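If you want the building blocks of each chain, they are given just below.
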Amino acid sequence: CQRFDFKRISVKTLKDNLVAISKKEIINIEDEALFAISKAAQGSFRDALSILDQLGALSQRTISSEDVYSMLGLVELDYLFKLTDYLTEKNPIKALSVVNEIIEKGKDLRQLNKNIIEHFRNMMIIKIGEKQLEKLVEYPSAIKEMLWQQASKFEVNEIIKIIELFIENQETARITENLRFPLEVTIAKITASGIAPKSSAP
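One structure accompanies this document, and this report is about it. This one's a predicted model, so the numbers in the text were calculated from it and none came from an experiment.

Details of the packing of aromatic side chains
Inspection of the entire model under this criterion finds three aromatic pairs. Between Phe 35 and Tyr 139, the ring centres sit 5.4 Å apart and the planes meet at 35°, which makes this aromatic pair tilted. Here Phe 35, found in helix H2 (residues 31-40), pairs with Tyr 139, found in the loop between helix H7 (109-129) and helix H8 (141-151); they are 104 residues apart in sequence, far enough to count as distant. Judged by relative accessible area, Phe 35 falls into the buried class, the value being 11%. Under the relative-accessibility criterion, Tyr 139 is labelled buried at 13%. Measuring from centroid to centroid gives 6.0 Å for Phe 120 and Phe 154, while their planes differ by 85°, and the two rings are edge-to-face. Separated by 34 residues along the polypeptide, Phe 120 in helix H7 and Phe 154 in the loop between H8 and helix H9 (156-173) bring together distant segments of the chain. Through pairs of rings, three or more aromatic residues link up here, namely Phe 120, Phe 154 and Phe 166.

Written out as structure tokens, the structure is:
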């Protein structure tokens, strides 16, 4: 009897392998799309190949990041950064407008909540550890810099409180049919309760 302990493959390793496969198969794919596939695979090379294969069949050898986000139901990073900016500014009108835009694009609100929790988790890690813990955030350096810029506007306890509120919303969403309402309440709490940075614009 032999025991094999398998480890989760890193996003970078998955992406490098997908680049090689895409070139071999003559698939034209955006760099952001490669990264999105690698992250969505959650350490599984088989899952990454499966996603790439499905996208290749659907998009006729040309794959954009929008194709990946659309097929997997993921929320684009631009929306996460935009929503966080409006929470920082304590601007519920613009924050709720972003949520509405995401809904109109057919995104799953449970996925949005999951993504925003991860977004603030990444901000927390970067805020606490800066360069020492940045390897725990699996994003390219340019995205990590953007996360640092947003994290610098918060105290760690504020980030943690926001994470707790979105986790609370996640729990509420499991027992309600209306997923939009608890999310809107969470955003209203964050923008109206003073959790967001006191130095931000009203």
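Past the structure itself, the notes keep going.
Points about helix H1 (residues 11-24)
The first and last C-alpha atoms of H1 sit 20 Å apart over 14 residues, in line with the 20 Å expected at 1.5 Å per residue. Of all the residues in H1, the buried ones are Val 11, Leu 14, Lys 15, Leu 18 and Ser 22. The arc enclosing the buried residues of H1, seen along the axis, measures out at 95°, which places them on a common side. Projecting away from the buried face of H1 at angles above 90 degrees are the exposed residues Lys 12, Lys 23 and Lys 24.

Re the layout of surface pockets
Volume-wise, the largest pocket comes out at about 520 Å³. Considering the residues around the largest pocket, the lining is formed by 23 residues, among which Lys 39, Ala 40, Gln 42, Glu 118 and Tyr 139 are closest to the centre. Going through the elements one at a time, H2, helix H5 (77-88) and H7 are the ones with two or more residues in the lining of the largest pocket. Broken down by element, the residue count for the lining of the largest pocket peaks at six residues, all from H7. For the lining of the largest pocket, the class distribution of residues is twelve nonpolar, five polar and six charged.

Description of the side chain of Thr 191
Note on placement: Thr 191 falls in helix H10 (residues 180-192). In this structure Thr 191 comes out as buried when scored by relative accessible area, which is 8%. Here the side chain of Thr 191 touches Ile 187 through a polar contact of 2.9 Å, landing on its backbone oxygen. When residues no more than four places from it in sequence are discounted, the contact partners of Thr 191 are Tyr 86, Leu 87, Lys 90, Asn 91 and Pro 92.

Some details on the pattern of salt bridges
A full pass over the atoms with the stated rule returns ten salt bridges. Taking the shortest distance from any N to any O, the salt bridge between Lys 15 and Asp 31 comes out at 2.7 Å. Of the two residues, Lys 15 is situated in helix H1 and Asp 31 in helix H2; the sequence distance between them amounts to 16 residues. A relative accessible area of 18% places Lys 15 in the buried class. A salt bridge links Glu 76 to Lys 105, with the shortest nitrogen-to-oxygen separation between them at 3.5 Å. Of this pair, Glu 76 sits in the loop between helix H4 (65-72) and H5 while Lys 105 sits in the loop between helix H6 (92-104) and H7, placing them 29 residues apart in sequence. Take Glu 76: its relative accessible area is 12%, and that puts it in the buried class. In this structure Lys 105 comes out as partly exposed when scored by relative accessible area, which is 42%.

Cut-offs used in this document
- Numbering of residues begins from 1 in every chain and follows the order in which that chain's sequence is written.
- Residues qualify for local features only when their pLDDT is at least 70, as the model is predicted, and side-chain atom pairs are given and counted only at 80 or more; totals for whole chains, interfaces and linings, by contrast, use all residues.
- Only hydrogens and water are removed before side-chain values are computed, so all heavy atoms of the structure are retained for them.
- Any two of the Phe, Tyr and Trp rings considered here, Trp counted by its six-membered ring, make a pair once their centres fall within 6.5 Å; the pair's planes then place it as stacked at under 30 degrees, edge-to-face at over 60, or tilted in between.
- Numbered from the N terminus, helices here are DSSP runs of H or I no shorter than four residues, and strands are runs of E no shorter than two.
- Residue burial is assigned from relative accessible area. The probe radius is 1.4 Å, only protein chains are included, and a residue is buried under 20% of its type maximum, exposed over 50%, and partly exposed in between.
- How far a helix is expected to stretch is found by multiplying one less than its residue total by 1.5 Å.
- Directions are taken from the helix axis to each C-beta atom, and the arc is the one they span.
- Using a 1 Å grid laid over the protein atoms alone, points where a 1.4 Å probe fits but cannot get out form a cavity; open sets with protein on both sides within 12 Å along at least 5 of 7 lines form a pocket; any residue with an atom within 4 Å of a point counts as lining.
- Grid points are joined across faces, edges and corners, and a volume is the space filled by probe spheres set on the points.
- Following the grouping adopted for this structure description, the nonpolar residues are Ala, Val, Leu, Ile, Met, Phe, Trp, Tyr, Cys and Pro, the charged ones are Asp, Glu, Lys and Arg, and the polar ones are all others, Gly among them.
- In protein, a polar contact requires one atom able to donate a hydrogen and another able to accept it; more generally it is a pair of N or O atoms within 3.5 Å, and residues adjacent in sequence count only if both atoms are side-chain atoms.
- In what follows, residue pairs with any heavy atoms lying within 4.5 Å of each other are defined as contacts.
- Put simply, a salt bridge is a Lys or Arg side-chain nitrogen that is within 4 Å of an Asp or Glu carboxyl oxygen.

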